[in-house]
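So the chains spell out like this:
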Amino acid sequence: KTRRSSSWDRTGANDDSVVVEAGQTVTLLETTGAGSVTHLWFTINSSDPMNLKNLVLRAWWDGEATPSVEVPIGDFFGLGLGEYFTYQSALLAVAPIKALNAYFKMPFASAARITLTNESKIPTHSLYFAVDYVTLAGLPGNLGRFHAQYRQAAPCKGWTNEWDNEYRPPVGDRKNLKGEGNYVFLDAAGKGHFVGVTHAVELNQGQWFGEGDDMIFIDGDTLPTINGTGTEDYYNGAWDFGGQAFDYAHNGAPYIVDAERLGGRWCLYRWHIESPITFEKSIRVTIEHGHANHRSDNFYSTAYWYQAEPHAAFPVL
């Protein structure tokens, strides 16, 4: 059966939003029984210039003690720098002018609870939301639960500022086979599959930031189980994207400002829905910040995955 939990005006008038006071938590969905969330939609009117960072989305499945989703709302929808832009992908989309959409399936066997907390000192004047879901007779016993986790490093501290070209010494000769010092998108324990990541970058140095390789360690491997060839390659582009923004179903860099200049800003995403990256015991998804981690840019990311519960403790937000 198809259902929706939304901010519609219960009096039948046209005030279809809710106020979220400073420090307040609003419940977006609370239901019991089996089902699956199929779509999230939000639009926000706030005088807080950083509301996309200060409003935090959380979700709990089946009465668990700690949330499986804990992400600033902007980062959850790929707006990792606290600024709006429009784009379309298979799992996330931002429509004109400030409409946030997510299409992940989020199953639950006995209960679901989704909240939004205003962690700023400024009230959110109008929060409009819709949580579409279906109720079901039951779920398969081995179905993974949806997870999303935010991380940041501002900056990712590199090992040198003395360089002028990533291919020449001392940077080009630096070795990094085991991922030491890599930025970590996800470090999870259990059984499941990694679906993808949204990734925002602020440049603290000029030139191209993305010589770093993706390195994914599965089930305790000490060397990368999966090793990439460069940041733009992981996001399925090439040659630093030529500084050109793009948004495709599985991959994109929809927001690029001052591409290779100090203060430049990037938002990127990659969905592995054509071939989810599976793990039986653990997974550690990482990427270098510059070749062998020589750069010190700011990274902000959200990882998305499914796994059997229980999940490992999240880092403190």
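Just above sits the structure.
Here the structure is a predicted model, which is why all the values come from computation and not from measurement.

S.K.: Tell me about the overall build of the chain, and please be specific about residues and values.
M.R.: The secondary structure content of the chain amounts to three helices and 23 strands. A globule of 317 residues ought to have a C-alpha radius of gyration of about 20 Å, and the chain, at 20 Å, matches this closely. Expressed along its principal axes, the backbone C-alpha trace of the chain runs to roughly 70 × 45 × 30 Å. By residue count, 55% of the 317 residues in the chain fall in the buried class. The contacts in the chain between residues at least 6 apart in sequence include a share of 77% that link residues at least 24 apart. For the chain, the accessible surface area stands at approximately 13,900 Å², while carbon and sulfur atoms represent 52% of it. For the chain, the distance from the average position of its 24 positive side-chain charges to the average position of its 36 negative side-chain charges is 5 Å.

S.K.: With reference to specific residues and values, describe the nonpolar core.
M.R.: Core analysis: the biggest nonpolar cluster contains 49 residues, and Leu40, Phe76 and Phe104 have the highest contact counts within it. When near neighbours in sequence (up to four residues on either side) are disregarded, Leu40 contacts Leu57, Phe76, Phe77, Leu100, Asn101, Ala102, Met106, Ile114, Ala130 and Val131. In terms of nonpolar packing, the next biggest core, distinct from the first, is built from 31 residues, Leu186, Phe209, Ile218 and Ile283 among them.

S.K.: Can you explain the packing of aromatic side chains? Please cite residues and give values.
M.R.: Scanning the entire structure with this criterion turns up 27 aromatic pairs. Consider the rings of Phe42 and Phe77, whose centres lie 5.9 Å apart with planes at 75°: the pair is edge-to-face. Residue Phe42 is located in strand E4 (residues 34-46), and its partner Phe77 is located in the loop between helix H2 (73-76) and strand E7 (87-88); the two are separated by 35 residues in the primary sequence. Here the aromatic rings of Phe246 and Tyr248 are separated by 5.1 Å at their centres, their planes lie at 50°, and the arrangement is tilted. One Lys or Arg, Arg113, reaches over the ring of Trp60 and ends 4.8 Å from the middle of that ring. For Arg174, the ring lying beneath its charged end belongs to Trp159, and the centroid distance is 3.9 Å.

S.K.: How would you summarise the sheet that holds strand E16 (residues 214-218) if you had to cite specific residues and measurements?
M.R.: The sheet built from four strands is open, its strands ordered E14-E22-E16-E17 with antiparallel pairing. Two strands in the sheet have a free side with no partner beyond their single neighbour: strand E14 (183-189) and strand E17 (226-227). Pairing geometry for E16 and strand E22 (residues 282-287), over five bridges, is antiparallel. By the bridge assignment, Met215 is partnered in E22 with Thr286.

S.K.: Could you give an account of the pattern of salt bridges, naming the residues involved and the relevant values?
M.R.: Here the structure, examined in full by the defined rule, presents 13 salt bridges. Residue Asp75 pairs with Lys53 through a salt bridge whose shortest N-O separation is 3.1 Å. A residue pair is termed long-range when its members are at least 10 positions apart, and Asp75 in helix H2 and Lys53 in helix H1 (residues 51-54) qualify at 22 residues. The residue Glu119 makes a salt bridge to Arg58 at a minimum N-O spacing of 3.0 Å. Highlighted residues: Glu119 in the loop between strand E11 (111-118) and strand E12 (124-136) and Arg58 in strand E5 (residues 55-61), separated in sequence by 61 residues. Here the salt bridges share partners, and the residues they tie into one network are Arg58, Glu70 and Glu119.

S.K.: Any details on the pairing of E5? Residues and values, ideally.
M.R.: Where burial is concerned, most of E5 is hidden: seven out of the seven residues are buried. Pairing between E5 and strand E6 (residues 69-72): four bridges, direction antiparallel. Counterpart to Arg58 in the pairing with E6 is Glu70.

S.K.: How would you sum up the state of the cysteines? Please name residues and give values.
M.R.: On inspection of all chains with the given rule, the structure shows zero disulfides. The closest cysteine sulfur to the non-disulfide-bonded Cys156 is located on Cys267, 15 Å from its own sulfur.

S.K.: Any chance you could break down the side chain of Asp48 for me, citing the residues and the numbers?
M.R.: Relative to the helices and strands, Asp48 resides in the loop between E4 and H1. Within the structure, the side chain of Asp48 is placed 3.0 Å from the backbone nitrogen of Met50, a separation counted as a polar contact.

S.K.: Any chance you could break down unusual backbone geometry for me, citing the residues and the numbers?
M.R.: Here Ala154 and Pro155 are connected by a cis peptide whose omega angle stands at 5°. Position of Pro155 relative to the elements: it lies in the loop between strand E13 (145-153) and E14. Note the cis peptide between Pro169 and Pro170, where omega equals 5°. Mapped onto the elements, Pro170 comes out in the loop between E13 and E14. Unlike most non-glycine residues, Asp240 shows phi in positive territory, near 50°. Summarising the element assignment, Asp240 is placed in the loop between helix H3 (231-234) and strand E18 (246-247).

Calculation notes
- Residues numbered from 1 in each chain as written.
- Predicted model: local features only at pLDDT ≥ 70, side-chain atom pairs only at ≥ 80, totals over all residues.
- Heavy atoms only, no water.
- Helix = DSSP H or I, 4+ residues; strand = E, 2+ residues; numbered from the N terminus.
- Rg over C-alpha atoms; globule rule 2.2 N^0.38 Å.
- Buried < 20%, exposed > 50% of the residue type's maximum accessible area, 1.4 Å probe, protein only.
- Contact = heavy atoms within 4.5 Å.
- Areas by Shrake-Rupley, 256 points an atom, 1.4 Å probe, with all protein chains shown as cover.
- Lys, Arg positive; Asp, Glu negative; His and termini not counted.
- Charge placed at Lys NZ, Arg CZ, Asp CG, Glu CD.
- Core = buried A, V, L, I, M, F, W, Y, C linked by side-chain atoms within 4.5 Å.
- Phe/Tyr/Trp six-rings, centres within 6.5 Å; stacked < 30°, edge-to-face > 60°.
- Lys NZ or Arg CZ within 6 Å of the ring centre and 35° of its normal.
- Pairing = 2+ DSSP bridges.
- Salt bridge = Lys/Arg side-chain N within 4 Å of Asp/Glu carboxyl O.
- Disulfide = S-S within 2.5 Å.
- Polar contact = N/O pair within 3.5 Å; in protein donor to acceptor, adjacent residues only side chain to side chain.

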